[in-house]
Amino acid sequence: MTSAPARRTVVATAKALLAAHKGLLAMDESTKTCNKRFAALGIPQTSEARRAWRELIVTTPGLADSISGAILFDETIHQQLKDGRPFARALADADIIVGIKVDTGAQALAGHPGETVTEGLDQLGDRLVNYAALGARFAKWRGVIAIGDGLPTNASISANAHALARYAGLCQELGLVPIVEPEVLMTGDHTLLRCAEVTERVLHAVFEQLYVQGVQLEGLLLKPNMALPGLACAEQNTVDEVADATVMCLLRTVPAAVPGIAFLSGGQTGVQASNRLNAMNQRFKKRMPWALTFSFSRAIQYPALDIWHGDSGKAQQAQHALQHRAACNRAARGGEYSAAMEPTA
Ligand code: 5MM
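For clarity, every value in this text was computed on a predicted model and none was experimentally measured.

Novice: Before we move on, could you go through the sheet that holds strand 1 (residues 23–27) and cite the residues and values that matter?
Specialist: Taken together, 8 strands build a closed barrel; the order of strands is 1-2-3-6-7-8-9-10 and the barrel is parallel. Here strand 1 pairs with strand 2 (residues 67–72) via 5 bridges, running parallel. Note that in strand 2 the partner of Gly23 across the bridge is Ile67.

Structure representation (structure tokens):
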């Protein structure tokens, strides 16, 4: 069982991550994912290029006005800025809480073609202790659920929910806030309704496992997908339809003791993600027991990455774009985002 001091620590950290209408920045892409994004833009896929991109991110002026916590990847937490400061120190200096991705990735689930289970429980306790010594105060683990013909299976949902709950319990015991991320993918031609049904089923399973493992709900954050039609679905729903389906799904499954829900963007554009988060906060402010915020990677980073393209001469312009998307999402958390905030409006 988690000790009283550790419980107090995780509750306080979760609260700090949700303070002042801010959200989280996911910059925890694995080397493979980061390289894929760089390759698409012709940026060299080197450790130095990944370091330089992430230095640009964490030194963005005004980032902490909108971002309370940033999730790092293992490579980054061991790297330094050009001035010699470790990334974790630079984030703490900027008043941004340090987080770390601790899963080791989604692997094929035996006997279930097309499905995965996220691994990383082996020696997780030791790794968490090491990350905490490097400055991490929260962690992240992502389970991946695909929608398809006959998918997801109960096997994939329960294996991922179980691993998420085991990870969350261990984090809390060691004083780190677990970000619990069950992601239902946007890949496919499924409808919004189907995504909402699957998301509801997944979230029920996750909260059941969190209960079974004795995880303290007040000391975690949930990082789910929004309920969205598949990227190849012929019918793409309105912003309000997405907001309604997503919040209904969360109201049915997420206990009120959870302090906050921070969405992943999952392949939405920056503007789409801001619009949808904003609509949820505008339409349901009075009904929601938890804070509804963001933990985006692509929806915050992409416009800036596109400007930067590996060119240090473009760093300032890229930082401006990054700060802008972060600020739009902070506004969306308060239900105060509008198209007028966008430069093209
Ligand atoms: C779903 O991905 C998470 C949120 O990012 P988006 O807002 O872009 O959807 C993100 O934290 C993700 O876990 C990382 O980018 C790392 O993913 P990989 O696949 O590299 O482990």
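Novice: Outline the site of the ligand, supporting the account with residue identities and numerical values.
Specialist: Of all residues adjacent to the ligand, which total 17 residues, the nearest are Thr33, Lys140, Ser265, Gly266 and Arg298. Take Ser265: an N or O atom from its side chain is 2.4 Å from an oxygen atom of the ligand. In the complex, the protein chains occlude 92% of the 500 Å² of accessible area that the ligand would expose alone. Of all elements in the fold, only strand 6 (138–145) and strand 7 (177–184) reach the threshold of two or more residues within the shell around the ligand. Of the residues in the shell around the ligand, the class split is 3 nonpolar, 5 polar and 9 charged.

Novice: I'd like a description of the pattern of salt bridges, backed by residues and values.
Specialist: Evaluated as defined, the whole model comprises 18 salt bridges. Between Asp28 and Lys140 there is a salt bridge, and its shortest N-O distance comes to 2.7 Å. Placement of the pair is Asp28 in the loop between strand 1 and helix 2 (31–41) and Lys140 in strand 6, with a sequence separation of 112 residues. Put simply, Glu200 and Arg252 hold a salt bridge, and the shortest N to O gap is 3.3 Å. One end of the pair, Glu200, is in helix 8 (residues 192–212); the other, Arg252, is in helix 9 (residues 239–253), and 52 residues separate them in sequence. By sharing partners, the salt bridges in this structure join Glu29, Arg37, Arg50, Arg54 and Glu75 into a single network.

Novice: Describe the pairing of strand 7, naming the residues involved and giving the relevant values.
Specialist: Of all 8 residues that make up strand 7, 8 are buried, and the element is covered over most of its length. Here strand 7 shows a buried face lined by Val177, Ile179, Glu181 and Glu183 and a second buried face lined by Pro178, Val180, Pro182 and Val184. As defined by bridge partners, strand 6 adjoins strand 7 across 8 bridges and the pair is classed as parallel. Pairing of Ala139 across the sheet is with Pro178, part of strand 7. Handedness of the strand 6-helix 7 (residues 154–173)-strand 7 crossover: right-handed. Relative to strand 8 (residues 221–222), strand 7 runs parallel, the two sharing 2 bridges. The residue of strand 8 that forms the bridge with Ile179 is Leu221. Taken together, strand 7, helix 8 and strand 8 form a β-α-β motif whose crossover is right-handed.

Novice: How would you sum up the side chain of Asp103? Please name residues and give values.
Specialist: On the secondary structure map, Asp103 appears in the loop between strand 3 (97–101) and strand 4 (105–108). In terms of polar contacts, Asp103 uses its side chain to reach the backbone amide nitrogen of Gly105, at 3.0 Å. Within polar-contact distance, the side chain of Asp103 engages the backbone nitrogen of Arg142 at 2.9 Å.

What counts as what
Residues numbered from 1 in each chain as written. Predicted model: local features only at pLDDT ≥ 70, side-chain atom pairs only at ≥ 80, totals over all residues. Heavy atoms only, no water. Pairing = 2+ DSSP bridges. Helix = DSSP H or I, 4+ residues; strand = E, 2+ residues; numbered from the N terminus. Near = heavy atom within 4 Å. Polar contact = N/O pair within 3.5 Å; in protein donor to acceptor, adjacent residues only side chain to side chain. Areas by Shrake-Rupley, 256 points an atom, 1.4 Å probe, with all protein chains shown as cover. Nonpolar A, V, L, I, M, F, W, Y, C, P; charged D, E, K, R; others polar. Salt bridge = Lys/Arg side-chain N within 4 Å of Asp/Glu carboxyl O. Buried < 20%, exposed > 50% of the residue type's maximum accessible area, 1.4 Å probe, protein only. Right-handed = clockwise from strand over helix to strand, strands pointing away.

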